[in-house]
Amino acid sequence: AAYNGDPAAHSFGEVISCYPAIRAISNYRIAHELLKLGVPLIPRIITEMAHSETGIDIHPGAAIGSHFTIDHGTGVVIGETCVIGNNVKLYQGVTLGAKSFPLDADGKPAAWARAPRSRKSCDPRRKRGESLSFSCHTKFPRHLVILTVL
């Protein structure tokens, strides 16, 4: 997914050797399987080692589909509650899966913490190569997240 989705990639060897996302995602995949087997602590150690080397923090409990890649991954955080489907490309500086946010009187997330809903951005029939984008409204400056259907 990293090679096919990056026009700057010149070879598989370059992608495998030089792209930090390959190390982070590979470590995540191993850690995730160990976590599913009930192995304590080691999955977190594996992903934290990748985090310190790459700047990409992926919790081993996150659910990530196939053909997933991260382009320019510095600052990416994928939390334990995150679910990412197949054929997703993620860009730098994105946090997904955060659980700690204020709740309203009914125990639901406060309105400011929700991303706007858009049928167009959630349409599974989108064409290959089309980008899905949405912005997150938080107390922090706005961040634009772009997911590309590979």
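Residues numbered from 1 in each chain as written. Predicted model: local features only at pLDDT ≥ 70, side-chain atom pairs only at ≥ 80, totals over all residues. Heavy atoms only, no water.

With that settled, consider the overall build of the protein. In terms of helices and strands, the protein carries 4 helices and 9 strands. Listed N to C, the secondary structure of the protein is α-α-α-β-β-β-β-β-β-β-α-β-β in terms of helices and strands. (Helix = DSSP H or I, 4+ residues; strand = E, 2+ residues; numbered from the N terminus.)

As for its position among the elements, Met49 is in helix α3 (residues 42-54). The class for Met49 is partly exposed, based on a relative accessible area of 46%. Taking the C-alpha atoms as reference points, Met49 and Ala24, separated by 25 residues in sequence, lie 8.9 Å from one another. (Buried < 20%, exposed > 50% of the residue type's maximum accessible area, 1.4 Å probe, protein only.)

Further remarks concern a nonpolar patch on the surface. Together, Leu41, Ile42, Ile45 and Met49 line one region of the surface with nonpolar side chains, adding up to about 390 Å² of accessible area. The residue Leu41 is located in the loop between α2 (20-36) and α3 in this model. (Patch = residues over 30% accessible without salt bridge, like charges linked within 9 Å, V, L, I, M, F, W, Y side chains within 5 Å. Areas by Shrake-Rupley, 256 points an atom, 1.4 Å probe, with all protein chains shown as cover. Salt bridge = Lys/Arg side-chain N within 4 Å of Asp/Glu carboxyl O.)

Attention shifts here to the nonpolar core. Ranked by size, the top nonpolar core spans 18 residues in total, and within it Ile58, Ile64, Phe68, Ile70, Ile78, Ile84 and Leu90 carry the most contacts. The set of elements that each furnish at least two residues to this core consists of α2 and β6 (88-91). If one sorts the elements of this core by residue count, α2 sits on top with 4 residues. In this structure, Ile64 is in contact with Tyr28, Arg29, Ile58, Ile78 and Ile84, ignoring residues within four places of it in sequence. (Core = buried A, V, L, I, M, F, W, Y, C linked by side-chain atoms within 4.5 Å. Contact = heavy atoms within 4.5 Å.)

The next subject is the confidence of the model for the protein. The predicted coordinates of low-pLDDT regions are not to be read in fine detail. Looking at the protein, pLDDT values average 76 and 69% of them are 70 or higher. Confidence over residues 113-126 falls short of pLDDT 50; this stretch has 15 contacts with residues more than four positions distant or in other chains. pLDDT under 50 marks residues 131-150. Its contacts with residues more than four places away, or in other chains, come to 59 contacts. (pLDDT = per-residue confidence, 0-100.)

Take the packing of α2 against α3 next. One can describe the packing of α2 onto α3 by two numbers: an axis separation of 8 Å at closest approach and a directional angle of 170°. Looking at the two axes, α2 sits roughly antiparallel to α3. Residue-level inspection shows Pro20, Arg23, Ala24, Asn27, Tyr28, Ile30, Ala31, Leu34 and Leu35 of α2 in contact with α3, the latter providing Ile42, Pro43, Ile46, Thr47, Ala50, Glu53 and Thr54. When grouped by side-chain class, the residues that make up the contact of α2 with α3 number 11 nonpolar, 3 polar and 2 charged. (Axes fitted to C-alpha atoms, helices over the stretch in contact; angles between N-to-C directions. Parallel < 35°, antiparallel > 145°, perpendicular 65-115°, else oblique. Nonpolar A, V, L, I, M, F, W, Y, C, P; charged D, E, K, R; others polar.)

Before going further, it helps to spend a moment on the pattern of salt bridges. Throughout the structure, instances matching the rule amount to 3 salt bridges. Between Arg23 and Glu53 there is a salt bridge, with its nearest N and O atoms 3.1 Å apart. Residue Arg23 is located in helix α2, and its partner Glu53 is located in helix α3; the two are separated by 30 residues in the primary sequence. A relative accessible area of 46% means that Arg23 is categorised as partly exposed.

Ordered in space as β1-β4-β7, the 3 strands form an open sheet in which the pairing is parallel. Looking at the sheet topology across the chains shown, the edges are occupied by β1 (57-58) and β7 (95-96). When β1 meets strand β4 (residues 77-78), the two strands line up parallel, connected through 2 bridges. Its bridge partner being in β4, Ile58 is matched across the sheet by Ile78. (Pairing = 2+ DSSP bridges.)

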